[in-house]
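Fold and contact review
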Amino acid sequence: MITDVNSYMTSINEAADYISSKIEGKTPEICIVLGSGLSPLADMCEDSTVLPYKDIPGFPVSTVPGHDGKLIIGTLENKRVFMMSGRFHYYEGYDTSVCTLYVRVMSKLGVKTLYLTNAAGGLKVGMNPSDLMIITDHIPFFCESPLRGPNLDEFGDRFPDQSYIYDPEYVLKLTEIAKENGINAHRGVYAYTKGPQYETPAEIRALSILGADAVGMSTVPEAIVASHCGMRIAAVSCICNYGCGIADNKLSHKEVMEVAGKASEDSCKLAKLFVKSL
Ligand code: HPA
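On a predicted model such as this, the values are computed, not experimentally measured, just so you know.

Some thoughts on the packing of aromatic side chains
Per the counting criterion, the structure on display carries 6 aromatic pairs. Ring plane angle 45 degrees and centroid distance 5.4 Å describe the contact between Tyr53 and Phe88, whose orientation is recorded as tilted. Of this pair, Tyr53 sits in the loop between β2 (46-52) and β3 (70-76) while Phe88 sits in the loop between β4 (79-85) and α3 (96-99); the two residues are 35 residues apart in sequence, bridging distant segments of the chain. Of the residues examined, Tyr53 reaches a relative accessible area of 0% and is grouped as buried. Ring geometry for Tyr170 versus Phe274: centroids 5.0 Å apart, planes at 90 degrees, classification edge-to-face. On the criterion of sequence distance, the pair formed by Tyr170 in helix α5 (residues 168-180) and Phe274 in helix α9 (residues 264-277) is long-range, its members being 104 residues apart. Taking the relative accessible area as the measure of exposure, Tyr170 reaches 4% and is therefore buried. For Phe274, a relative accessible area of 0% translates into the label buried.

As for the pairing of strand β5 (residues 113-122)
Two faces belong to every sheet, and in a regular strand the side chains alternate between them. Where burial is concerned, most of β5 is hidden: 9 out of the 10 residues are buried. Pairing between strand β1 (residues 30-34) and β5: 4 bridges, direction parallel. Looking across to β5, one finds that Val33 is bridged to Leu116. Here β5 runs beside strand β9 (residues 232-242); their pairing, made up of 10 bridges, is parallel. Bridging from a neighbouring strand, Leu114 pairs with Ile233 of β9. As paired strands, β5 and strand β8 (residues 214-216) are joined by 2 bridges and run antiparallel to one another. If you follow Gly122 over to β8, its bridge partner there is Ala214.

What to know about the site of the ligand
Ala119, Ala120, Gly121, Tyr198, Glu199, Val215, Gly216, Met217, Asn241, Leu251 and Val256 make up every residue found near the ligand. Ala119 is positioned such that a nitrogen or oxygen atom in its backbone is 3.4 Å from a nitrogen atom of the ligand. Measuring from a nitrogen atom of the ligand, one finds a backbone N or O atom of Gly121 at 3.4 Å. Burial of the ligand by the protein amounts to 96% of the accessible area it has alone, namely 260 Å². When contributions to the shell around the ligand are tallied by element, the ones reaching two or more residues are β5 and β8. Of all the elements, β5 adds the most residues to the shell around the ligand, at 3 residues. Of the residues assigned to the shell around the ligand, the class counts are 7 nonpolar, 3 polar and 1 charged.

Some thoughts on the packing of helix α1 (residues 5-20) against helix α4 (residues 101-109)
Between α1 and α4, the shortest axis-to-axis distance is 9 Å and the interhelical angle comes to 55 degrees. By the angle class used here, α1 and α4 are oblique. Both α1 and α4 take part in a crossing whose hand is right-handed. Between α1 and α4, the contacting residues are Tyr8, Met9, Ser11, Ile12, Asn13, Ala15, Ala16, Ile19 and Ser20 on the first element and Leu101, Arg104, Val105, Lys108 and Leu109 on the second.

Re the side chain of Glu222
Its place among the elements puts Glu222 in helix α7 (residues 220-228). Residue class for Glu222 comes out buried when judged on its relative accessible area of 2%. In this structure, Glu222 is in contact with Val33, Arg87, Cys99, Thr100, Tyr102, Val103, Leu114 and Leu116, ignoring residues within four places of it in sequence.

Focus: the environment of Ile209
Considering the arrangement of structural elements, one finds Ile209 in helix α6 (residues 201-210). A C-alpha to C-alpha distance of 20 Å links Ile209 and Ile134, two positions 75 residues apart in sequence.

Let's talk about unusual backbone geometry
Gly195 connects to Pro196 through a cis peptide bond whose omega is 5 degrees. Positionally, Pro196 belongs in the loop between β7 (185-192) and α6. The backbone of Asn78 shows a phi angle near 65 degrees, a positive value even though the residue is not glycine. Relative to the helices and strands, Asn78 is located in the loop between β3 and β4. According to the relative accessible area criterion, Asn78 is exposed, its value standing at 75%. Despite not being glycine, Ser130 has its phi angle at roughly 85 degrees, a positive value. Here Ser130 falls in the partly exposed class, since its relative accessible area comes to 30%.

Conventions used here
- Residues numbered from 1 in each chain as written.
- Predicted model: local features only at pLDDT ≥ 70, side-chain atom pairs only at ≥ 80, totals over all residues.
- Heavy atoms only, no water.
- Phe/Tyr/Trp six-rings, centres within 6.5 Å; stacked < 30°, edge-to-face > 60°.
- Helix = DSSP H or I, 4+ residues; strand = E, 2+ residues; numbered from the N terminus.
- Buried < 20%, exposed > 50% of the residue type's maximum accessible area, 1.4 Å probe, protein only.
- Pairing = 2+ DSSP bridges.
- Near = heavy atom within 4 Å.
- Polar contact = N/O pair within 3.5 Å; in protein donor to acceptor, adjacent residues only side chain to side chain.
- Areas by Shrake-Rupley, 256 points an atom, 1.4 Å probe, with all protein chains shown as cover.
- Nonpolar A, V, L, I, M, F, W, Y, C, P; charged D, E, K, R; others polar.
- Axes fitted to C-alpha atoms, helices over the stretch in contact; angles between N-to-C directions.
- Parallel < 35°, antiparallel > 145°, perpendicular 65-115°, else oblique.
- Left-handed = near helix turned anticlockwise from the far one by under 90°.
- Contact = heavy atoms within 4.5 Å.

Right, dumping it as structure tokens:
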């Protein structure tokens, strides 16, 4: 929860000013968050400037192996883009206001579209490891609201509507792109859990009954803040495993990363074609 609005706003403004000084007036309108498997997208970026998070004043630093923590500013499909390589998870010990600070920085910089990606466990019959899932809605029951505490009026309303967090036009666009390009992408509801432990079989059964199609430990706090800021959001999960108890094997981070790697080509293709279509 934001306890000190002044110092929080100072961090946002310092980070935005620093990034602004590196983009020579050419502000990207889209920010892509590179979840597991999407890191090759950073290499597809042309004319890029790389800003390690540790050099950005006010930015937290990621602690997860494989999330190396840098902001890439460059060109993809002739569009200026920001790419966040490394994000901040609640399970690392950050407060949700810290996990989502970058979203507010992006909003301050003028970003209009946030493209979120993540690794997730699949709960739906027919949703197999290495398939993608276009997120249509989410279940944030286990997520402390990142908007708790004083409202930041300059970003949005105290009680923001959540009817269409994931932009319906983007959902349609992603569905069409996937279909036209032979990418196996489902649509579904993403449930957030705090982690870092994977869910138990009982939790997975409960989440399925509640209407979730996939489960993961990121994305939802960021999407809530982005919607508060009035951004349009697209989000895609890479299904890396069956939710615990659905298949007869234990879950491991190593396996999740391996599957995300295998699905990387499709994940990157979908993101690239989405950017192209804007
Ligand atoms: N649960 C939560 N997070 C995940 C999973 C899962 O099964 N797979 C990848 N990230």
